[in-house]
Amino acid sequence: GSGLQFTEIEVYKNTPIEKFVSGMFDAYLFFSPSGIDNFKASGNFPNPSSLILANENSTARAAWRVFTNKVYLSPEQEELSFVQHSVAHWLEENNK
């Protein structure tokens, strides 16, 4: 295995969930613009050196609008494929 550890934190479910995320992560995956908006509205911000990965154009546009981080648009939109692509991209980006 790659030794990659992850934490899944739900920040949106039909209605916004106010969830302060304690901790810094190497990458953040976003599935919708509303997830990004709620992440920020809850007082969260990503580590400046972390990658932001988005699964569709509107999500990537929202990320570029609010984050100064590198934002990557995944060619995969289906959830599992998006997560798998994101992990592979992070490993490549970090020479793992």
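Before any of the text, the structure's been laid out above.
Residues numbered from 1 in each chain as written. Predicted model: local features only at pLDDT ≥ 70, side-chain atom pairs only at ≥ 80, totals over all residues. Heavy atoms only, no water.

(A) View of the nonpolar core. Of all hydrophobic cores here, the largest spans 12 residues; its members are Val21, Tyr28, Phe30, Ile36, Phe39, Ile52, Ala54, Ala60, Ala62, Ala63, Phe67 and Val71. Secondary-structure elements contributing two or more residues to this core are strand S3 (27-30), helix H1 (33-41), strand S4 (51-54) and helix H2 (57-66). The element best represented in this core is H2, accounting for three residues. For Ile52, the residues in contact, after removing those within four places along its chain, are Tyr28, Phe30, Pro46, Ala63, Phe67, Asn69, Lys70, Val71 and Tyr72. (Core = buried A, V, L, I, M, F, W, Y, C linked by side-chain atoms within 4.5 Å. Buried < 20%, exposed > 50% of the residue type's maximum accessible area, 1.4 Å probe, protein only. Helix = DSSP H or I, 4+ residues; strand = E, 2+ residues; numbered from the N terminus. Contact = heavy atoms within 4.5 Å.)

(B) Region of interest: the packing of aromatic side chains. Going through the model one piece at a time under the given rule, you end up with six aromatic pairs. The interplanar angle of 85 degrees and the centroid separation of 5.8 Å between the aromatic rings of Phe25 and Tyr28 together place this pair among those described as edge-to-face. On the basis of relative accessibility, which here comes to 21%, the residue Phe25 falls in the partly exposed class. Through a chain of ring-to-ring contacts, three or more aromatic side chains come together here, namely Phe25, Tyr28, Phe30, Phe39 and Phe67. (Phe/Tyr/Trp six-rings, centres within 6.5 Å; stacked < 30°, edge-to-face > 60°.)

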